[in-house]
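Summary of the model geometry
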Amino acid sequence: MSLNRPLDVTAAGAPSSLESVTGRVRDRLRAEGVDPGRHPDAAGRIAADEVRRHNDFAQARGLAPIDDERSAVRDVLASVAGYGPLQALLDDPTVEELWINGPDRVFVARDGRSERVALTVTDTGIREVVERMLHATGRRVDLSQPFVDASLPDGSRLHVVIPDVTRRHWAVNVRKFLRAYRTLADLQSIGSISTEAAELLRGAVAGGSSIVVSGATHAGKTTVLSALIAASPSDHRIVTVEETFELAVDAPDIVALQGRQPSLEGTGEISLRRLIKEALRMRPDRIVVGEVRDAEALDLVLALNTGVPGAATVHANSAVDAMRKLSALPLLAGRNIDGGFVQAALAASVDLVVHCERRPDGRRVVAEIASPTGQVVDGAVQLRTVYRSAR
């Protein structure tokens, strides 16, 4: 593509001024060997040059000038280096999650509540953005693998489903993890946890207690788990295990492990079960499983019974449901797993269950903290409530 092409054209269906400038910036980046990801300042200078060049020639050629040059430079850089029309929403610190159901069906969540935004993205644009997001992850999405989970460079989680699993359009979710709320003190400041509950959990983490964080989707489980990890003593070695990296935790001695999807040939998969076993060989003072949802629950229970403190999240509607679910999931590992052993092991090794809720007004709170009594009655691990939040 020539660098001397016209800045714009006026034929029907012609690109807009901004699209034309964006094309020229791409040409120059390619010709000059500038990687906008590695050299953002150089890319910014090229974008600014092309925006100014457009305005210099716009009037003489009867083209529409670009009024806000600074905004245009940002939009051009978002197209060539960022995530195009989604970049502004991803940069917005108030946006917790973004999802796309179709070209004109773009939604965001703010303060626990969803809203539709006035943004239209073409099917081709959505595919291009997803491909750019997946470029550095080593993961793929295609007809043979129509689902994908991946972590973006900023720690956000990407989930994509494509047709014909979806009816027509690509379904895209990006869950952001707001770095403003990383500690128990941060959660106290926004009213997500009371001083009483925070002190109870700080003491439990410092004392090496094993903690399960439960709740429904979007109840704040991962945020609370991250805050618990951050409360660990500085001399503790922590090993985290996740399907995709979500826990944004900075600790002096921490190793983060992530699973891997199988290759096109069906080989090379690394499961959570394998990662938990490997984590035990890494001298952990605490093993953290981002989310327990399958047979890896057995490996977690076995790890806790070796005396290694653990922490994990599980989808559940109450603390009681969380223990019931953790008692059942290990049975998925095989027919020779004894339910009685699992229940007794959980009753002896789990110290606290922290249940999170999302209230009708969108607030996420630690609603209950329960402690197993060590007893199993009628096939259920018995719990006693040690904290309950006010409504």
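Cut-offs used in this document
Residues numbered from 1 in each chain as written. Predicted model: local features only at pLDDT ≥ 70, side-chain atom pairs only at ≥ 80, totals over all residues. Heavy atoms only, no water. Helix = DSSP H or I, 4+ residues; strand = E, 2+ residues; numbered from the N terminus. Buried < 20%, exposed > 50% of the residue type's maximum accessible area, 1.4 Å probe, protein only. Contact = heavy atoms within 4.5 Å. Areas by Shrake-Rupley, 256 points an atom, 1.4 Å probe, with all protein chains shown as cover. Lys, Arg positive; Asp, Glu negative; His and termini not counted. Charge placed at Lys NZ, Arg CZ, Asp CG, Glu CD. Phe/Tyr/Trp six-rings, centres within 6.5 Å; stacked < 30°, edge-to-face > 60°. Patch = residues over 30% accessible without salt bridge, like charges linked within 9 Å, V, L, I, M, F, W, Y side chains within 5 Å. Salt bridge = Lys/Arg side-chain N within 4 Å of Asp/Glu carboxyl O. Pairing = 2+ DSSP bridges. Axes fitted to C-alpha atoms, helices over the stretch in contact; angles between N-to-C directions. pLDDT = per-residue confidence, 0-100. Parallel < 35°, antiparallel > 145°, perpendicular 65-115°, else oblique. Left-handed = near helix turned anticlockwise from the far one by under 90°. Nonpolar A, V, L, I, M, F, W, Y, C, P; charged D, E, K, R; others polar.

1. Considerations on the overall build of the protein
- Secondary structure assignment for the protein yields 12 helices and 14 strands.
- Its C-alpha atoms give the protein principal-axis dimensions of about 85 × 50 × 40 Å.
- Buried positions account for 48% of the 391 residues belonging to the protein.
- In the protein, the proportion of contacts linking residues at least 24 apart, taken out of those at least 6 apart, comes to 52%.
- Taken as a whole, the protein presents about 19,600 Å² of accessible surface, with 49% of it coming from carbon and sulfur.
- Within the protein, the 51 negative side-chain charges are centred at a point lying 1 Å from the centre of the 48 positive side-chain charges.

2. Observations regarding the packing of aromatic side chains
- A full pass over the atoms with the stated rule returns 1 aromatic pair.
- Plain terms: the ring middles of Trp99 and Phe107 are 6.0 Å apart, the flat faces sit at 5 degrees to each other, and that makes the pair stacked. Accessibility assignment for this pair places Trp99 and Phe107 in one class, buried.

3. Some thoughts on a negative patch on the surface
- A surface patch of like charges, here negative, comprises Asp56, Asp67, Asp68, Glu69 and Asp75.
- Within the secondary structure layout, Asp56 lies in helix α2 (residues 40-58).

4. Looking at the sheet that holds strand β9 (residues 254-258)
- Taken in spatial order, the 8 strands of this open sheet run β9-β8-β10-β11-β7-β12-β13-β14, and their pairing is mixed. In the strand order of this sheet, the two ends are held by β9 and β14 (380-388), each with one partner. Across the sheet, the axes of successive neighbouring strands diverge by a mean angle of 25 degrees, strand direction being ignored.
- Of the strands in this sheet, β7 (211-215), β10 (286-289), β12 (352-358), β13 (364-377) and β14 touch helix α7 (residues 195-206), which is tilted by about 130 degrees from β14.
- Across the sheet, helix α12 (residues 339-349) lies against β13 and β14, angled at about 120 degrees from β13, the strand it touches most.

5. Re the sheet that holds strand β4 (residues 147-151)
- On the basis of which strands lie adjacent, the open sheet formed by 6 strands has the order β3-β2-β1-β6-β5-β4 and antiparallel pairing. The sheet terminates laterally at β3 (113-116) and β4, the two strands that pair on one side only. On average, adjacent strands in this sheet sit at an angle of 15 degrees to one another, irrespective of strand direction.
- As paired strands, β4 and strand β5 (residues 157-161) are joined by 5 bridges and run antiparallel to one another. Residue Val148 lies in a different strand from β5, and its bridge partner there is Val160.

6. As for the confidence of the model for the protein
- With 95% of its residues at a pLDDT of 70 or more, the protein has an overall mean of 88.
- Here helix α3 (residues 69-80) is the element of the protein with the lowest mean pLDDT, 82, and β7 is the one with the highest, 98.
- Below a pLDDT of 50 lies the segment residues 1-14, which in the model reaches 29 contacts outside its immediate sequence neighbourhood of four places, other chains included.

7. Notes on the pattern of salt bridges
- Evaluated as defined, the whole model comprises 25 salt bridges.
- Of the charged contacts, one joins Arg175 and Glu97 as a salt bridge, the two residues approaching to 3.7 Å between their closest N and O atoms. Remark: Glu97 occurs in strand β1 (residues 97-102) and Arg175 occurs in strand β6 (residues 171-175); sequence separation between them is 78 residues. In this pair, the class of Arg175 matches that of Glu97, namely buried.
- Across the pair Asp321 and Arg324 runs a salt bridge whose closest N-O atoms are separated by 2.5 Å. With Asp321 and Arg324 both in helix α11 (residues 319-328), this residue pair falls 3 residues apart, about one helical turn.
- Asp321 sits in the partly exposed class, given a relative accessible area of 27%.
- A single salt-bridge network, built from bridges that share partners, covers Arg24, Arg28, Glu32, Asp49, Glu50, Arg52 and Arg53.

8. Quick word on the pairing of β7
- Of all 5 residues making up β7, 5 are buried, and the element is well covered by its neighbours.
- A two-sided burial pattern is seen for β7, the buried positions comprising Ile211, Val213 and Gly215 on one face and Val212 and Ser214 on the other.
- When β7 meets β12, the two strands line up parallel, connected through 5 bridges. The residue of β12 that forms the bridge with Val213 is Val354.
- Of the strand pairs in this sheet, β7 and strand β11 (residues 310-315) are connected by 5 bridges, and their pairing is parallel. In the sheet register, Ser214 faces β11, and the bridge partner there is Val314.

9. So, the side chain of Ser232
- Along the chain, Ser232 turns up in the loop between α8 (221-230) and β8 (238-242).
- Ignoring sequence-local partners within four residues, the contact set of Ser232 consists of Val205, Ile238 and Arg286.

10. Brief notes about the packing of α11 against α12
- In the contact formed by α11 and α12, the axes pass within 9 Å of each other and the chain directions differ by 135 degrees. By the angle between their axes, α11 is oblique relative to α12. As α11 runs across α12, the sense of the crossing is right-handed. Here Met323, Leu326 and Ser327 of α11 come into contact with α12, specifically with Val342, Gln343 and Leu346.
- Residues belonging to the contact of α11 with α12 are distributed by class as follows: 4 nonpolar, 2 polar and no charged.

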